[in-house]
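Listed here are the chains, written in short residue letters.
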Number of protein chains: 2
Amino acid sequence: MGVLVVGTVTLDTIETPNKRVEDVLGGSGTYAAVAASFFVNPVRLIGVVGADFPQAYTDFLQTRGVDLEGITRVENGKTFRWGGKYADDFNVRDTLFTELNVIEDFHPVLPAAYKDIPYLFLANDPPELQLSIIEQVKKTKLVVSDTMDFWINEERDALQKTIERVDILILNDSEAKLLTGETNLMKAARTILRYGPKRVIIKKGEHGAISITESSYFSAPAYPMTQVTDPTGAGDSFAGGLMGYLASVGDLSEGSIRKAMMYGTVVASFNIEDFSINRQKSVQFQDIKARYNELQDTVRF
Amino acid sequence: MGVLVVGTVTLDTIETPNKRVEDVLGGSGTYAAVAASFFVNPVRLIGVVGADFPQAYTDFLQTRGVDLEGITRVENGKTFRWGGKYADDFNVRDTLFTELNVIEDFHPVLPAAYKDIPYLFLANDPPELQLSIIEQVKKTKLVVSDTMDFWINEERDALQKTIERVDILILNDSEAKLLTGETNLMKAARTILRYGPKRVIIKKGEHGAISITESSYFSAPAYPMTQVTDPTGAGDSFAGGLMGYLASVGDLSEGSIRKAMMYGTVVASFNIEDFSINRQKSVQFQDIKARYNELQDTVRF
């Protein structure tokens, strides 16, 4: 079963207390697609880059089994650039700059072969763009979307229309509170379920994640990390790993979704061990399986 | 097997966004002893009150099986009073006032029969007082202590001497970081293990708790709460439930400690549903067991 990821492909500049890197491969679509590629092949990615996008990055995506048919290259444009800076404990991130560039006028038209892909992940993107994709797909079995505080604040109406149409909404705890005005996370989750999604998954960073439906509650532990190098892309890696696993098993039971969340957690745990997608280059499926088994032990009682 | 709890017995004034209560029964010793009383009987409690301590509160403790031989009543003194105020999301608490009163000159001498009690819980108290108890006991099988930011800041040397002597240190995440100067929780935990304890349990409020030894890691989920009335005493209820369960099974294996943390989590979840120990008055052991079973399901994958 295939996965279709729609998200950004960016050149990131990241500052951490220990190091600064410039124009590294990033973006919600990149992280999610690379994460999904541990479980399914090929992964289809819809995104846009400029003429400045390095060939080495394109080559890397191809080696991961990411199908490039969906990546638009704007020859007279520049790639979306983002800069972020982390404080000492990695829990606070300041955006240094955001240059939308080619993404501003991006109105993707799905290749015909992409319309029948059963697993669709809408990574962080403008809500109108997410909605236009939902309106183009034909045979999706599962539509999952992420969002962020920026769209909640700036594009609330459009975002609401997108949320109504997705099966699972993934967002972080502060975003869930912002979206609903609730200070209690359980109440926030239940409010989101009333907006339309059948399930809401709330990411809590180092505290793991929770999944809530009308009739179920799952508390997913985080993988215990002693060394974080760069948390950028953790949430997208989580979602991409989750989608990849679900597509690989072709099943949407509560049990499969819980397992998918844990595989997503593991892929994210590797991702934050290095900048960009660097750590993922050396991760093998057996490494993922080993951490998955460790996590099973961490919650056994 | 018996449990000896050493902690404060106070009259609390609590303000929440919804209600204000005055001079209600509180204190680290009270919450911990009441929590332990669900599992063992009697619970021995060492504490001090003044002449103003209501008979109704003494009677209540007695109905819970709390042995009052260890409670000193200072006839010319006033009970420790504490006032706290919670903000909207219950995650921020401001101390309104602290009147130490009778606790300032409290130097407890253990009744002879108390010196052989195998399970000792030192709830939040001045570190010197905690240490003086450790030096009086003879046959303890397990010494567990809690602390708080105030002692870390004000009595660091004395606190360090206490920590060296305990088997398990329980503290919350911000305190673990404050105590060690580490911003990463896993690193903070490992630093604390080097101070002396064989295990550190870090409470994370709505995110659950974690337990770390040299060779084990356990991630305890929180019980999902939609309605919090008053979080005061949650940490002490957690620790008291943990101690009570351990004493009831008389076993200190990793498996038993994990179960004990989950029973503590459940007792704490009931505690925060009402002010003071009010909710505990109607909780039955079968209610505790039901939430325990629910929690087992929330982490199954």
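Look up: the structure comes first, before these words.
Residues numbered from 1 in each chain as written. Chains lettered and ligands numbered in written order. Predicted model: local features only at pLDDT ≥ 70, side-chain atom pairs only at ≥ 80, totals over all residues. Heavy atoms only, no water.

## Points about the interface of chain A and chain B
Moving on, step 1. Each side of the interface is counted separately: chain A has 31 residues, and chain B has 31 residues.
Moving on, step 2. A combined buried area of about 2,900 Å² lies between chain A and chain B, and 56% of that area is made up of carbon and sulfur atoms.
Moving on, step 3. Looking only at chain A, the three residues that lose the most surface to chain B are His207, Thr226 and Phe301 of chain A, adding up to 27% of its buried area.
Moving on, step 4. Taken together, the links from chain A to chain B amount to 2 salt bridges.
Moving on, step 5. One salt bridge connects Arg258 of chain A with Asp297 of chain B, and the closest N-O pair in it is separated by 3.7 Å.
Moving on, step 6. On inspection of chain A and its partner chain B, the count reaches 14 residue pairs in polar contact (both at pLDDT 80 or more).
Moving on, step 7. If you tally residues by element for the side of chain A that touches chain B, the top one is helix α10 (residues 285-298) of chain A, at 5 residues. (Contact = heavy atoms within 4.5 Å. Buried area = accessible area lost by both parts, 1.4 Å probe. Salt bridge = Lys/Arg side-chain N within 4 Å of Asp/Glu carboxyl O. Polar contact = N/O pair within 3.5 Å; in protein donor to acceptor, adjacent residues only side chain to side chain. Helix = DSSP H or I, 4+ residues; strand = E, 2+ residues; numbered from the N terminus.)

## Side note on the relation of the copies chain A and chain B
In this structure, two copies of a chain are linked by a rotation about an axis accompanied by a shift along it.
Moving on, step 1. When chain A is fitted to chain B, the residual RMSD is 0.0 Å, and the transformation amounts to a turn of 180 degrees plus an axial shift of 0.0 Å. Both copies of the chain, as the preceding transformation shows, are related through a two-fold rotation axis.
Moving on, step 2. Looking at the interface residues of chain A, 100% of them are also at the interface in chain B, so both copies use one shared face. (Least-squares fit on C-alpha atoms with pLDDT ≥ 70 in both.)

## Concerning the packing of aromatic side chains
Moving on, step 1. Going through the model one piece at a time under the given rule, you end up with 22 aromatic pairs over all chains.
Moving on, step 2. Where Phe39 of chain A meets Phe285 of chain A, the ring centres are 5.8 Å apart and the plane angle is 90 degrees; that geometry is what we call edge-to-face. Taken together, the residues span a long stretch of sequence, with Phe39 of chain A in the loop between α1 (28-36) and β4 (43-50) and Phe285 of chain A in helix α10 at a distance of 246 residues.
Moving on, step 3. On the basis of relative accessible area, Phe285 of chain A is assigned to the partly exposed category, the value being 39%.
Moving on, step 4. Each member of the aromatic cluster is reached from another via a ring pair, and the members are Phe39, Phe218, Tyr245, Tyr263, Phe285 and Tyr292 of chain A together with Phe301 of chain B.
Moving on, step 5. Residue placement shows Arg64 of chain A over the ring face of Phe38 of chain A; its charged tip is 4.4 Å from the ring centre.
Moving on, step 6. Stacked on the ring of Phe60 of chain A, the Lys or Arg Lys281 of chain A has its end atom at 5.3 Å from the ring centre. (Phe/Tyr/Trp six-rings, centres within 6.5 Å; stacked < 30°, edge-to-face > 60°. Buried < 20%, exposed > 50% of the residue type's maximum accessible area, 1.4 Å probe, protein only. Lys NZ or Arg CZ within 6 Å of the ring centre and 35° of its normal.)

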